[in-house]
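This is what each chain is made of:
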Amino acid sequence: NAGVTQTPKFQVLKTGQSMTLQCAQDMNHEYMSWYRQDPGMGLRLIHYSVGAGITDQGEVPNGYNVSRSTTEDFPLRLLSAAPSQTSVYFCASSYSKGDGANVLTFGAGSRLTVL
Amino acid sequence: KQEVTQIPAALSVPEGENLVLNCSFTDSAIYNLQWFRQDPGKGLTSLLLIQSSQREQTSGRLNASLDKSSGRSTLYIAASQPGDSATYLCCTSGTYKYIFGTGTRLKVLA
């Protein structure tokens, strides 16, 4: 049972380049989400999904796209990277039963630097 | 809009001391509140989850309480150890949105 797997762990991009951060979970979780963590800002929600084919915006969605074609995968796309997107990105998932007992499980993180 | 605040931002204590970390939130309409631990350069590990109908949860030396009416939660760590050194974050759960505090960075001195 691998839990939540994020790739790559580290990435350096030049301004304007595009890339996809991958996130996969093997726990049959309906809910998946992406956060960015910046010093002094805590974790901020970028996008989330409550099931295959359903996505919605979080607090800081600009510059990022997501899709959810399967229950297992939730990739985060940067279409044209900017230095302001330098951050550590975390993917998290939970078994959304709507009863409040939804432990949020995190991946190990992806550190992105945009030059 | 939910806002989650953690005070203090950093804390340094000698080994063996009992300590309390504080978390406050502005919107009491939450499903649950979770406490996480984050080691430097690592992901977040869930420590305790308190459902909105509960008042507290315990795991080993950790005890978390929740007072929805006042918008507060505390994480109590008994007999602190150097291995407890980490950043502790609280997180409220609303309708599919989890809102995090900025964390308390704890250092336990041997």
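Check the entry above for the structure.
Residues numbered from 1 in each chain as written. Chains lettered and ligands numbered in written order. Predicted model: local features only at pLDDT ≥ 70, side-chain atom pairs only at ≥ 80, totals over all residues. Heavy atoms only, no water.

### Considering the overall build of chain A
Here is step 1: In terms of helices and strands, chain A carries zero helices and 11 strands.
Here is step 2: Along its sequence from the N terminus, chain A presents helices and strands in the succession β-β-β-β-β-β-β-β-β-β-β.
Here is step 3: With respect to the principal axes defined by its C-alpha atoms, chain A has extents near 40 × 30 × 25 Å.
Here is step 4: Looking at the 115 residues of chain A, the share that counts as buried comes to 50%.
Here is step 5: For chain A, the share of sequence-separated contacts (at least 6 apart) that also reach a separation of at least 24 residues comes to 53%. (Helix = DSSP H or I, 4+ residues; strand = E, 2+ residues; numbered from the N terminus. Buried < 20%, exposed > 50% of the residue type's maximum accessible area, 1.4 Å probe, protein only. Contact = heavy atoms within 4.5 Å.)

### Focus on the state of the cysteines
In a disulfide, the sulfur atoms of two cysteines are covalently bonded to one another.
Here is step 1: What the rule picks out here adds up to two disulfides over all chains.
Here is step 2: Shown here is the disulfide that connects A:C23 with A:C91, its sulfur atoms set 1.9 Å apart. An S-S torsion of about -70° defines the bridge between A:C23 and A:C91 as left-handed. Here A:C23, found in strand 3 (residues 19–25), pairs with A:C91, found in strand 9 (residues 87–94); they are 68 residues apart in sequence, far enough to count as distant. Across this residue pair, the class does not change: A:C23 and A:C91 are buried.
Here is step 3: Free cysteine: B:C91, not disulfide-bonded; nearest cysteine sulfur from B:C90 at 7.7 Å.
Here is step 4: Judged by its relative accessible area of 1%, B:C91 is buried. (Disulfide = S-S within 2.5 Å.)

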